[in-house]
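What follows is each chain in one-letter form.
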Amino acid sequence: MKSDEIMDVALRRGFIFPSSEIYGGFSGFYDYGHLGTLMRRKWEDAWRKHYLRLNSNFFEIDATNIMPKNVFVGSGHIENFNDPLTECGKCHSRFRADHLIEEFLERSAEGMATDEMSKLLKENSIPCPKCGGQLLDVKMFNMMFEISVGSTGESEVAYLRPETAQGAFLTFKRSFNTLRGKLPMGLAIVGRAYRNEISPRQGFYRLREFNQAELQIFFDPDTIEDHPNFDSIKDVKLRMFPLQNRSTGEVDDITASDLNKNYGIPKFYIYHLAKIQEFYLDKMKFPRELFRFRELSADERAFYNKIHWDVEVYTESLGGYKEMGGLHYRTDHDLGGHQNASGEKLDVNIEGKKFIPHVLELSFGVDRNFWTLLDVFYKDEGDRKVISLPKVVAPFRAGIFPLQKKGDLEKVAKNVYDSLSECYDVFYDDSGSIGRRYRRQDEIGTPFGVTIDFQTLEDNTVTIRERDSMDQHRVKIEDIWKNI
RNA sequence: GCGACUGUAGUCUAGUGGUUAGGACUGGAGCUUCCCAAGCUUCAAGCGCGGGUUCGAAUCCCGCCAGUCGCACCA
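Every value quoted in this text rests on a predicted model; they were computed, and no experiment measured them.

(A) Structural view of the protein's contact with RNA strand B. Neighbouring residues of RNA strand B: 43 residues in total, closest Arg195, Asp383, Gln404, Arg439 and Asp453. Each atom of RNA strand B within 4 Å of the protein was assigned to sugar, phosphate or base; sugar and phosphate come to 53%. Arg436 is positioned with one of its side-chain polar atoms (N or O) 3.0 Å from a phosphate oxygen of RNA strand B. One of the backbone nitrogen or oxygen atoms of Met470 is found 2.6 Å away from a base nitrogen of RNA strand B. Among the elements of the structure, strand 5 (82-87), helix 15 (434-443) and strand 25 (461-466) are those that each provide at least two residues to the surface near RNA strand B. Among the elements that make up the surface near RNA strand B, the one with the highest residue count is helix 15 (seven residues). Of the residues belonging to the surface near RNA strand B, the class tally is nine nonpolar, 15 polar and 19 charged.

(B) Molecular detail of the environment of Tyr321. Within the secondary structure, Tyr321 sits in strand 16 (residues 320-331). The sequence separation of Tyr321 and Val416 amounts to 95 residues, and the corresponding C-alpha distance is 43 Å. Those residues within four positions of Tyr321 in sequence are excluded, and the remaining contacts are Val251, Glu289, Leu290, Phe291, Arg292, Glu312, Val313 and Tyr314. Here Glu289 takes part through its backbone oxygen, which lies 3.2 Å from a polar atom of the side chain of Tyr321.

(C) Quick look at the packing of aromatic side chains. Within this structure, the stated rule accounts for 29 aromatic pairs. Aromatic side chains Tyr51 and Phe279 sit 5.2 Å apart centroid to centroid with 50° between the ring planes, which places their arrangement in the tilted category. With a gap of 228 residues between them, Tyr51 in helix 2 (residues 34-52) and Phe279 in helix 11 (residues 267-283) connect regions that are remote in the sequence. Each of the two residues, Tyr51 as well as Phe279, counts as buried. Between Phe172 and Phe176 the ring centres are 5.5 Å apart and the planes differ by 20°, which places this aromatic pair in the stacked class. Note that Phe172 and Phe176 are positioned in helix 8 (residues 172-178) at a spacing of four residues, about one turn of the helix. For the pair Phe172 and Phe176, one class covers both residues: buried. Every member of this aromatic cluster is reached through a ring pair, and the members are Trp43, Trp47, Tyr51, Phe279, Tyr280, Phe286, Phe291, Phe293, Phe364 and Phe377. In this arrangement the basic side chain of Lys322 is found over the ring face of Tyr205, its NZ or CZ atom lying 5.0 Å from the centre. A cation over an aromatic ring shows up here: Arg368 above the ring of Tyr205, its NZ or CZ 3.9 Å from the ring centre.

(D) Here's a closer look at the sheet that holds strand 9 (residues 156-160). Strand order in this open sheet of three strands is 4-9-8, and the pairing throughout is antiparallel. Taken across any chain shown, the strands that pair with only one partner, and hence form the sheet edges, are strand 4 (66-68) and strand 8 (146-149). Neighbouring strand axes in the sheet, compared pairwise and without regard to direction, differ in orientation by 45° on average. For strand 4 and strand 9, the ladder comprises three bridges, and the chain directions are antiparallel. Paired with Met67 across the two strands is Tyr159, which belongs to strand 9.

(E) Seen up close, the pairing of strand 19 (residues 358-365). Among the eight residues in strand 19, eight count as buried, and that is most of the element. Neither face of strand 19 is open: one carries His358, Leu360, Leu362 and Phe364, the other Val359, Glu361, Ser363 and Gly365, and all of them are buried. The sheet contact formed by strand 11 (residues 209-219) and strand 19 spans eight bridges and is antiparallel. Within strand 19, the residue paired with Ile217 across the bridge is Leu360. The pairing of strand 16 with strand 19 spans six bridges and is classified as antiparallel. In the strand pairing of strand 19, Tyr329 is matched with Leu360.

(F) Examining helix 12 (residues 333-342) more closely. Summarising burial for helix 12: seven of the ten residues are buried, a large majority. Once helix 12 ends, the next one or two residues include Gly343, with phi positive near 80°.

(G) Structural detail: helix 15. Burial in helix 15 covers these residues: Arg437, Tyr438, Gln441, Asp442 and Glu443. Gly445 occupies a position one or two residues after helix 15 and carries a positive phi of about 85°.

(H) Molecular detail of the pattern of salt bridges. Applying the stated criterion across every chain, the model contains 33 salt bridges. As a salt-bridge pair, Lys411 and Asp408 come within 3.9 Å of each other at their nearest N and O atoms. One end of the pair, Lys411, and the other, Asp408, are both in helix 14 (residues 407-421), three residues apart, so they sit about a helical turn from each other. One continuous salt-bridge network, built from bridges that share partners, spans Asp8, Arg12, Arg13 and Glu443.

What counts, and at which threshold
Note that residues are indexed from 1 along each chain, following the sequence as it is written. Chain A is the first chain written and ligand 1 is the first ligand written, with later ones labelled in order. Given that this is a predicted model, residues contribute local features only at a pLDDT of at least 70 and side-chain atom pairs are listed and counted only at 80 or more, while totals for whole chains, interfaces and linings are drawn from all residues. The basis for every side-chain value is the complete set of non-hydrogen atoms in the structure, without hydrogens or water. To be near a molecule or strand, a residue needs just one of its heavy atoms within 4 Å of it. N or O atoms closer than or at 3.5 Å make up a polar contact, with two conditions inside protein: a donor-capable atom paired with an acceptor-capable one, and, for residues adjacent in sequence, both atoms drawn from side chains. A helix here means a DSSP run of H or I that spans at least four residues, while a strand means a run of E at least two residues long, and both kinds are numbered starting from the N terminus. Residues are grouped as follows: Ala, Val, Leu, Ile, Met, Phe, Trp, Tyr, Cys and Pro are nonpolar; Asp, Glu, Lys and Arg are charged; all remaining types, including Gly, are polar. It only takes one pair of heavy atoms within 4.5 Å for two residues to be counted as in contact. Two aromatic rings, drawn from Phe, Tyr or Trp (for Trp, its six-membered ring), form a pair once their centres lie within 6.5 Å of each other, and the interplanar angle then sorts them: stacked below 30 degrees, edge-to-face above 60, tilted otherwise. For every residue, the accessible area obtained with a 1.4 Å probe (protein chains only) is divided by the maximum for its type, and the residue is called buried under 20%, exposed over 50%, and partly exposed between those limits. We call a charge positioned above a ring when the Lys NZ or Arg CZ atom is no farther than 6 Å from the ring centre and deviates by at most 35 degrees from the ring normal. DSSP calls a pair of strands paired once it identifies at least 2 bridges connecting them. Axis definition: a line fitted to C-alpha atoms, limited for helices to the stretch in contact. Angles are taken between N-to-C directions and run from 0 to 180 degrees. Take a side-chain nitrogen of Lys or Arg and a carboxyl oxygen of Asp or Glu: if they are within 4 Å of each other, that pair is a salt bridge.

Purely spatial values, then, with no claim about function.
Written as structure tokens, this is what we have:
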């Protein structure tokens, strides 16, 4: 199994570890080791570089992970993240209690207390839809982690954020003012989010504590049909998997302008699809055929998302195309919801025009992207294992090797290491044969090896060895940086 | 959360009531002027956790934790 092989490398070399492992582990939680931390940071930096540069009015902010209950009343999470569940006493299947009541009694169960639902189930002898057995008491299952803030007694109910996005909506008013009232405005947050998954399967794919990179773009809905830079991407062929292709599984290459003309998707949305694809194909170097945008059906997407395509990458270890992120046109759902719940005016007034800005959300799961990079670029070539990570995300840019551990070689190698360390993460290794040291670096994705040998002492040149081709060439020490 | 199966160094694995728990790979130190996993010497590292049965438990029983699969869940 490929996921075992990747997990093997990840554990052995220090990408990720099960959390709290010496106490038996903790399902749905993982720690990042030294390589994983380097690599994730690089992915995040590449993400920042790519998306924040789309517009000079896009910035990163940082918000708290803990927020009071009312925030999630306003966001809708209290209502939508809180499912009343009942379990069959006989076959142990679980069902949404409110759905059963609505179905059997044909009455709304909205806002109904759990006690009342339990009573209704019992009084009307609503049976288990699967085996006819008796249903047990209704319990709320909340996907959010609830915590209490403050000393016991007067503590306030709060939650760990289930997505980073809310921070951008909550600071919208201040951010908009400090950025001097211009739209579009982008607020990015890269950070942790928490969801109390019932059963976090699939190893590293569904976590209870995870990292997100999200960009909320606030804009005037009247401008959605255009984007000032649309012409720059109008001929780009996008990898689209629309609903009507579900049965065939085929991905269509559709140019940006055709998407606009024939599919009626607004240019503002398409522009960002193109930039997302650029990130995956040009920056992350994923093979084109592994990438697609998947259109979600009305059932699959949240009611407030007017347009929603997921970003998917074919990930062998996870068994197919997997969601890496999504592009969500959320309209004024977020700011409108918070305006209603908080009583705070969140509309803007631009040259006499008053409106609540709409939101286009670019949302990515960092950990999933991290895992998928390992998956896509890992190869077992028989006599060596190699992860052909693109330079921008490889934990180390180069390994520095003195051919032998002899006085002068070591001294020169240390100097090379020190000077390259100024701009790159580099790794120094003087133990084992030179071949073994190359292989060690291949396995963690280091693109280059720099070897200091006896010739170096004569003419100041070193060997640069390239990871994927294993080719070597000599360059002067002062030219190394140009060659890696 | 339910059911089935599973858990021996970092990895793979031998061991079915009495073993100094064995091996391979990996890792560390050293030898070899060493450019693609050579070899030699040497060191380190393990029975998931907790109870119970027994004179004695990696081995049998129970609970927990974790993993895989199925069901449910995935706003």
